[in-house]
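# Descriptive analysis of the structure
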Amino acid sequence: MRTRSLVLSRFGALGAAALLAGLTAPATATAAPDPDGRSATVEELRLDRAAPQEILRRGGFDSVAPEFARALRKARSYDQARRLVVRDGRALWDRAVDRAQGRGPARGDLSRDDDRPLYWARLGMTRELRQWEPGRFSLDERRRERLIRALESASRGQDDVRLPHGRGHVKRILVTGFDPFTLDRDVRISNPSGATALALDGTTIRTAEGPARIEAVTFPVRWQDFTDGAVERALRPHLPRVDLFTTISQGRVGRFDVERTNGAWRGGFPDNENVSRTETVPVNDPASQPQWTSTTLPYKKIVEGGTGRFPVYDNTSVTEIPAGGTEPVVRPGGPTDGSTARAGGGGDYLSNEIAYRATLLRDRLGLRDRLPGGHVHTPVLQFGPGNTDPATGAVTDPGFVRNRLDIIAQVRGILRVAASES
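Report on the accompanying structure. Note that the coordinates shown come from a computational prediction; the quantities given were computed from them, not determined experimentally. (Residues numbered from 1 in each chain as written. Predicted model: local features only at pLDDT ≥ 70, side-chain atom pairs only at ≥ 80, totals over all residues. Heavy atoms only, no water.)

### Quick notes on the overall build of the protein chain
- Regarding its fold elements, the protein chain presents 14 helices and 16 strands.
- A compact globule built from 422 residues should have a C-alpha radius of gyration of about 22 Å, and the protein chain, at 21 Å, falls within 12% of that.
- If one aligns the C-alpha atoms of the protein chain with their principal axes, the spans along those axes are about 60 × 50 × 50 Å.
- Counting every position in the protein chain, which comprises 422 residues, the buried fraction comes to 57%. (Helix = DSSP H or I, 4+ residues; strand = E, 2+ residues; numbered from the N terminus. Rg over C-alpha atoms; globule rule 2.2 N^0.38 Å. Buried < 20%, exposed > 50% of the residue type's maximum accessible area, 1.4 Å probe, protein only.)

### Observations concerning the sheet that holds strand E3 (residues 171-178)
- Overall, mixed pairing links the seven strands, which are arranged E4-E5-E3-E6-E16-E7-E12 in an open sheet. Each end of this open sheet is capped by a strand with a single partner; those strands are strand E4 (204-207) and strand E12 (312-315). Averaged over all pairs of adjacent strands, the angle between their axes in this sheet comes to 30 degrees, without regard to strand direction.
- Where strand E7 (residues 256-259) and strand E16 (residues 373-378) come together, three bridges link them in antiparallel fashion. (Pairing = 2+ DSSP bridges. Axes fitted to C-alpha atoms, helices over the stretch in contact; angles between N-to-C directions.)

### A word on helix H4 (residues 50-59)
- Among all positions in H4, only Ala51, Pro52, Ile55, Leu56 and Gly59 are buried. Buried residues of H4, seen end-on, are gathered within an arc of 135 degrees and therefore sit on one face of the element.
- Buried residues along H4 sit against helix H6 (78-100) and helix H7 (116-131).
- At the C-terminal side of H4, glycine 60 shows a positive phi close to 80 degrees. (Arc of directions from axis to C-beta. Contact = heavy atoms within 4.5 Å.)

### Brief notes about unusual backbone geometry
- Residue asparagine 274 is not a glycine yet carries a positive backbone phi of 60 degrees.
- Mapping asparagine 274 onto the fold places it in the loop between strand E9 (265-267) and strand E10 (278-280).
- Positive phi values are uncommon outside glycine, yet aspartate 285 reaches one of about 55 degrees.
- As for its position among the elements, aspartate 285 is in the loop between E10 and strand E11 (292-294).
- On the accessibility criterion, aspartate 285 (46% relative accessible area) is partly exposed.

### Points about the side chain of arginine 188
- Secondary-structure assignment places arginine 188 in the loop between E3 and helix H9 (192-200).
- Overall, the relative accessible area of 2% leaves arginine 188 in the buried class.
- Within the structure, the side chain of arginine 188 is placed 2.9 Å from the side chain of aspartate 186, a separation counted as a polar contact.
- Side-chain polar atoms of arginine 188 contact the backbone oxygen of alanine 394, separated by 2.7 Å. (Polar contact = N/O pair within 3.5 Å; in protein donor to acceptor, adjacent residues only side chain to side chain.)

Structure below.
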C-alpha cells in the first residue's frame, strides 16, 4: 500500500510501472445518492457493479446483507438494534474465518482463501444500516454512526481477540490486515494482508521456542477512520499482553519488505472513499509526536529465514526534509537527525500510517524495549497471465489463487521466524 511519489523515486522504471498500474484512482469524490434518495458512501456504491455481485454470489455471502436487513426491521429499540449489529457483525467475521480455514461448507466455488466476500458483504450490511429507518423508535445520525462503528469493529475481528492468559508456554502474536483498495482501477482486487488475517486468526504455529497463538484483526482503507483513532482503540488493550505484533499490507511487486522506519506524514493518495489527506499524521498529544518510529522486529533473522518463494528485504529507505532544508530527499539508509518525515519505508499511505501508529502506541505504552513489533509489506497480489484486464477479466484464476496462497504461507513462515527470535 505505497504511493506514487515513493515509487518514482526508489523503484526504477520497471518497478514503478508495475506498481503504478495498481495505484491509479480518482483524485476526489464524495458520497453519492442511492436510487431511493438516501446517502450511501462511495465504497458502498461499488457494490452494484457486476464483479462485487459475482464475488458475493460465488463466495456464498450474497444472502448476508438481505438477512441483516430483515433482522433490523424487527428491532424494537436502539439497545436491541445494537445487540443485533454486534451479533451479526461477529457472525460475519466468524463465517469468513471459518471459510478461510476450511471449516463448514464453502457455500460457493471461490477458493476458501478469498478475502473479498467478507469485504463486500460488510459493505452490504453498512449500506443497509445507513439507509434503515426504524419503525418503532427514533434514530438520529449520531446513534446511527455508533451502530455502524460497532458493526465495523465486530466484523473485523476487533471484538474477538482471544489471547491465552498469563505468560506461559504459548506465545501470543497479534497481526493486522487491510481491505482491498484501488477498486476504481480494478474492482476485482483482493488484498493478501486481509486474506492472511482470515487464514491465521486463532491458529497456532510451532516455533523454535514452542507454540505461538496468532490473533488477527483488519482495518479499512479510509483516512477518517485512522484520524478517529480506530488503530489505537483496537490495539491498545492487547499490546501489553502480546509477545509479538506486526501490521501487514500489500507493497511491492514480487517481494516482501520488513519496513525499518515509519514516518509521520500522509501523502494524499485517495482512500477507498476517494478522499485525500496531505498532512502530518494526526495523533493524540501532538506536542510529543516524533517524526519517525522504528521496527523492533528481528528483521535480520526474517530476511535470512528462507520463509518462501518471494525474496524478503530489510527496507531502510525513507524520504525526509533534512533539518534546515525545504525539499524532500530520499535517504536509503534511514532518516537523519532532526529531519521531517515525508515517507517511511512503507510509503506515505495508510500502510505506513498503521505501522507508525502501532509502533508509536508501543512506545507510548513503555513497551519498546520488550515488545517486537513493526510492519511487513507483502508482494502485490497479481492475477494470472491473460486475466489482467479489469474490463474483460474473470474475478479469479488459478495463478491468482496460487499467488495468494503462497503469500499467506510465507507470512506464516515470517511469523514463525520472528516468534522464534523474540
